[in-house]
Amino acid sequence: MNASDDVADRIAAGRAVYARNLGVPEDEAERMLAGRAGAQYAREAFLAAGGPGWSGTGLTDRDRSVAVIAALVGQHVVDARLITYLNAARAAGVTEGGLAEWMVLLTAYLGQPAASVAMATVLGTAPRPAAVAAD
């Protein structure tokens, strides 16, 4: 394997990570990220995501979601980027109660302004219970 193969493999692995996190096919993940941030940025993001942080074996998807959400909340990011990782955390088994507890914990370390706005995003993106059919 030469260096360019390794780069291509990492980009492919990173594209797959983004697709999984966004819940879309790989080609759509590439279009979405390039549309948001440009093709050069998307390539570099895929290259990074194809490395040990997202593709290594020492962390679970739940661990990764926890880390990314804490970093985003600490930077007051509550847009589609946070929603993506809230959904990834849910998919990895974090419950709505767990997300609420997490925001309470982050309040102690990051402060109330960041965690309360993030909690509003948690609540606003919580799955709605299915309607019960009338008898």
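Residues numbered from 1 in each chain as written. Predicted model: local features only at pLDDT ≥ 70, side-chain atom pairs only at ≥ 80, totals over all residues. Heavy atoms only, no water.

### Topic: the packing of aromatic side chains
Where we set the bar: Pairs were defined over the aromatic rings of Phe, Tyr and Trp, the Trp ring being its six-membered one, requiring ring centres within 6.5 Å. Orientation was assigned from the angle between planes: stacked under 30 degrees, edge-to-face over 60, tilted for the rest. Strands here mean DSSP runs of E at least two residues long; helices mean DSSP runs of H or I at least four residues long; both are numbered from the N terminus. Exposure categories follow from relative accessible area, calculated using a 1.4 Å probe and restricted to protein chains: below 20% of the type maximum is buried, above 50% is exposed, and the middle band is partly exposed.
Applying the stated rule across the entire model yields 2 aromatic pairs. With centroids separated by 5.4 Å and ring planes inclined at 75 degrees, the aromatic side chains of Tyr18 and Phe46 adopt a geometry described as edge-to-face. Remark: Phe46 occurs in helix 3 (residues 39-49) and Tyr18 occurs in helix 1 (residues 3-22); sequence separation between them is 28 residues. Judged by its relative accessible area of 1%, Phe46 is buried.

### Topic: the pattern of salt bridges
Put simply, the test is: The salt bridge definition used is simple: a Lys or Arg side-chain nitrogen within 4 Å of an Asp or Glu carboxyl oxygen.
Overall, the coordinates contain 8 salt bridges when judged by the stated rule. In this structure, Asp79 engages Arg81 in a salt bridge whose closest nitrogen and oxygen atoms are separated by 2.8 Å. You can call Asp79 partly exposed: its relative accessible area is 34%. Linked through salt bridges whose partners overlap, the residues forming this network are Arg20, Asp61 and Arg64.

### Here we look at the nonpolar core
Our working rule: In these notes, a set of buried Ala, Val, Leu, Ile, Met, Phe, Trp, Tyr and Cys residues joined through side-chain atoms within 4.5 Å is what counts as a nonpolar core. For this analysis, residues touch if any pair of their heavy atoms sits within 4.5 Å.
Counting residues in hydrophobic clusters, the biggest one holds 22 residues, and the most contacted among them are Ile69, Val73, Leu82, Leu99, Trp102 and Met103. Where this core is concerned, the elements lending two or more residues are helix 5 (61-74), helix 6 (80-91), helix 7 (96-110) and helix 8 (112-125). Dropping the residues within four chain positions of it, Leu82 is found in contact with Ile69, Leu72, Val73, Val77, Ala118 and Thr121. Counting residues in hydrophobic clusters, the runner-up holds 6 residues, among them Leu33, Ala42, Ala45 and Phe46.

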